[in-house]
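Here are the chains, one letter per residue:
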Amino acid sequence: MALDVPYRSIPDMFLKRVAATPDRHAFAHPAPDDSGPVWLTWAQMAHRAKAVAAGLHGLGIGLEDRVAILANTRLDWVVADLGIMCAGGATTTVYPTTEPEDTRYIVADSGSRVLFAENPAQAAKLAGADLPALTHVVLFDGEADPSAAVAQLTLAELEERGTLALDAEPGLIDGIVAGLGPDHLATLIYTSGTTGRPKGVELLHGGWCWEGVAQADVGLLRPDDLQYLWLPLSHSFGKTLLCGATHVGLATYVDGRVEKLVELLSVIRPTLMCGAPRVFEKVYNKSVTTAQDAGGAKAKIFAWAVRTGKEKIALEQAGKPVPTGLRLRHRLAEKLVFSKIQARLGGRIRVLVSGAAPLSAEIATFFAAANLPISEGYGLTESSAGNFVNRPGALRIGTVGPAMGDLECRIDTDGEILLRGRPVMRGYHNLPEETAAAFTEDGFFRTGDIGSLDADGYLRITDRKKDLVKTSGGKYIAPSHIEGLFKAICPYTSQVVVIGQARNYCTMLVTLDPDAIRTWAVGGPLEGRDYPAIAASPQAQEMVEGYVAELNGRLNRWETIKKVTILPRDLTIEDGEITPSLKIKRRGVESNFAAEIDRMYDGALAEL
């Protein structure tokens, strides 16, 4: 059955929400002293968003004109995004941790005409760039530089200009919004390709409105929820949650300071929180290590409670009844142990959602045992982030749930997951050939992920993207790009394999060129030694780590290599590690060197 989406665009959805519940809490930002949230009503959000929209209109922004946002998750990000779309424009998102070279590329490739920057330091990333389309930079924080090459003004100044324009023409923004339709461009989100060069994903108003309605339709969001939104709004996951909150009208606290998350959960006390697996790994790790450090009876009680919870969950997952005795033991475990874990998340959680990367089944089971079931979901930037999700009360651990709304899913003959429906992108910006290759002849999007559907429509992901890896923090990493950089930096390299899929940091396996490394050893204590001896030496390790440090200086934060292992031999065709054309066979390498990889992740959950 087709999902009923009663909106023409995100601004249409937003203004209808404002009209329905003008005085209810909409979005909040942290108080300056972190004493709690400072709330804006829907009417107050509309006042600010319309002022930004009118200000942008005065700067020449019109239908589908791109306006970039380069900032952390904060309330101003939401206001700017709504203002851009209410002016008829489309938001280009840029991670605040993006390196200057990629920032300049995204702003240039998108043709963005205005940039919202968090502060002068972020704006400085564009210094020296040839950006003929860019006319203005708007600063959230700091003072505008009157001598800047591109004209600058503050967000407050932009809103002031817009307010004056609306005083003169009160119906300006309503008229613009009336002209927006579901097939107009709303967002341009750049995602890394296999070469490391970002690709702009064109996402339409109709798809985002579908996302908002679909989230409520599956029971994830309710009007009485309080959401803690800390995810990057530059990411499609964060963006889709804004759409859901607008459709449902729930209150959302916006604060991207991840380092404050655990501390503020007890202050905000949300009922709803979504995140990448890493945040759940942290809570899991903290719970386990706290119990272990306590030792004695406390450690034993914790272990007993977890065993009890897992026993209960195993029966529930198998569709079997839970005996009365086990239920009573679980209630005791709840009182003694699990209530403390719940309190760590604020004590009022109704729904947790995990997305952006695979969630460990072990961690999912732990949370379910603690009466904090995580609804794992699946989606891609190219399909507006939300495609499949486990419904509250109908969790199947190890799956990402059934499809949302009326999204169509088909499993191709090779196992690839294919998707068709309103949330799927229009295409890749300025890349017609890559766009054509991304779709089947009958319009299904090729996800590049391998999976299977069970009889009830629950999707299980059995393999990840062929050319990309995704960390447990939800970031895409292009291994070939990093590997190529390292080969160029380190002249002693033969092969490099970056590891990071579903891990909380990236590591690297390195093999050395036998001839080059023997030359390197001449004149030192390793002269005349064979390859295995040189590779195992602390001198070689120190040398490689020096080059890794140089590599890390050229990578985005989430791509950096935390540990490196020099392998005792080179990769070979015979061992199934490289192809005859010398391309790396990642599965073969990861299988053959599983022990070496595991050692680099020993205690990974302990590294918060």
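Data block above holds the structure.
Heads up: these notes are all about the structure in this document. (Residues numbered from 1 in each chain as written. Predicted model: local features only at pLDDT ≥ 70, side-chain atom pairs only at ≥ 80, totals over all residues. Heavy atoms only, no water.)

**Brief notes about the packing of aromatic side chains**
How two aromatic rings sit relative to each other is set out by the distance from centre to centre and by the angle between their planes.
So, step 1. Enumeration over the complete set of coordinates arrives at 13 aromatic pairs.
So, step 2. Geometrically, the ring pair formed by Phe-116 and Phe-140 is tilted, given 6.0 Å between the ring centres and 35° between the ring planes. Here Phe-116 is found in strand E5 (residues 114-117), whereas its partner Phe-140 is found in the loop between strand E6 (136-139) and strand E7 (151-154), with 24 residues between them in sequence.
So, step 3. Relative to Phe-367, the ring of Phe-280 has its centre 5.7 Å away and its plane inclined at 80°; by these criteria the two rings are edge-to-face. Here Phe-280, found in helix H11 (residues 277-294), pairs with Phe-367, found in helix H14 (residues 361-369); they are 87 residues apart in sequence, far enough to count as distant. (Phe/Tyr/Trp six-rings, centres within 6.5 Å; stacked < 30°, edge-to-face > 60°. Helix = DSSP H or I, 4+ residues; strand = E, 2+ residues; numbered from the N terminus.)

**Some words on the environment of Cys-274**
So, step 1. The topology assignment puts Cys-274 in strand E12 (residues 272-275).
So, step 2. Residues Cys-274 and Asp-454, spaced 180 residues apart in sequence, show a C-alpha to C-alpha distance of 25 Å.
So, step 3. When neighbours within four sequence positions are excluded, Cys-274 is seen to be in contact with Gln-227, Trp-230, Leu-231, Phe-237, Leu-241 and Val-353. (Contact = heavy atoms within 4.5 Å.)

**Points about the pairing of strand E9 (residues 198-204)**
So, step 1. Of all seven residues in E9, seven are buried, a share of seventy percent or more.
So, step 2. Along E9, one buried face is formed by Pro-198, Gly-200, Glu-202 and Leu-204 and the opposite face, lined by Lys-199, Val-201 and Leu-203, is buried too.
So, step 3. Here two bridges tie E9 to strand E18 (residues 427-428), and the two strands are oriented antiparallel to one another. Across the sheet, Val-201 pairs through a bridge with Tyr-428, a residue of E18. (Buried < 20%, exposed > 50% of the residue type's maximum accessible area, 1.4 Å probe, protein only. Pairing = 2+ DSSP bridges.)

**Structural notes on the sheet that holds strand E24 (residues 506-512)**
So, step 1. Pairing is mixed in the open sheet, where three strands are placed in the order E23-E24-E25. What marks the edges here is a single partner per strand, and that holds for strand E23 (493-499) and strand E25 (561-566). Each neighbouring strand pair of the sheet contributes to a mean axis angle of 25°, computed without reference to strand direction.
So, step 2. Sheet topology places E23 next to E24; six bridges connect them, and they run antiparallel. (Axes fitted to C-alpha atoms, helices over the stretch in contact; angles between N-to-C directions.)

**With respect to the environment of Arg-557**
So, step 1. On the secondary structure map, Arg-557 appears in the loop between helix H19 (538-552) and E25.
So, step 2. Among the residues examined, Arg-557 registers a relative accessible area of 53% and is labelled exposed.
So, step 3. Linking Arg-557 and Leu-272, residues 285 residues apart in sequence, is a C-alpha distance of 28 Å.

**Quick look at the pattern of salt bridges**
So, step 1. Taken as a whole and assessed by the stated rule, the structure comprises 29 salt bridges.
So, step 2. The residue Arg-426 makes a salt bridge to Glu-64 at a minimum N-O spacing of 3.6 Å. Of this pair, Arg-426 sits in the loop between strand E17 (416-420) and E18 while Glu-64 sits in the loop between helix H2 (42-58) and strand E3 (66-70), and the two are 362 residues apart along the sequence.
So, step 3. Overall, the relative accessible area of 37% leaves Arg-426 in the partly exposed class. (Salt bridge = Lys/Arg side-chain N within 4 Å of Asp/Glu carboxyl O.)

**Re a nonpolar patch on the surface**
So, step 1. On the surface, Ile-301, Leu-332 and Leu-336 cluster together into a nonpolar patch covering about 230 Å² of accessible area.
So, step 2. In this structure, Leu-332 sits in helix H13 (residues 324-344).
So, step 3. A relative accessible area of 41% places Leu-332 in the partly exposed class. (Patch = residues over 30% accessible without salt bridge, like charges linked within 9 Å, V, L, I, M, F, W, Y side chains within 5 Å. Areas by Shrake-Rupley, 256 points an atom, 1.4 Å probe, with all protein chains shown as cover.)

**So, the sheet that holds strand E1 (residues 25-30)**
So, step 1. As summarised here, the arrangement of the eight strands in space is E2-E1-E11-E10-E12-E13-E14-E15, forming an open sheet in which the pairing is mixed. Two strands bound the open sheet, and with one partner strand each, they are strand E2 (37-41) and strand E15 (388-389).

**Observations concerning the nonpolar core**
So, step 1. Counting residues in each nonpolar core, the largest one holds 134 residues, and the members touching the most others are Phe-14, Met-45, Leu-56, Phe-116 and Phe-367.
So, step 2. When residues in this core are grouped by element, the largest group, nine residues, is from helix H3 (residues 75-86).
So, step 3. Once residues within four sequence positions are removed from consideration, Leu-56 is found in contact with Ile-61, Gly-83, Ile-84, Ala-87, Val-114, Phe-116 and Leu-158.
So, step 4. Among the nonpolar cores identified, the runner-up in size contains 33 residues, and Ile-489, Ile-517, Ala-540 and Val-564 belong to it. (Core = buried A, V, L, I, M, F, W, Y, C linked by side-chain atoms within 4.5 Å.)

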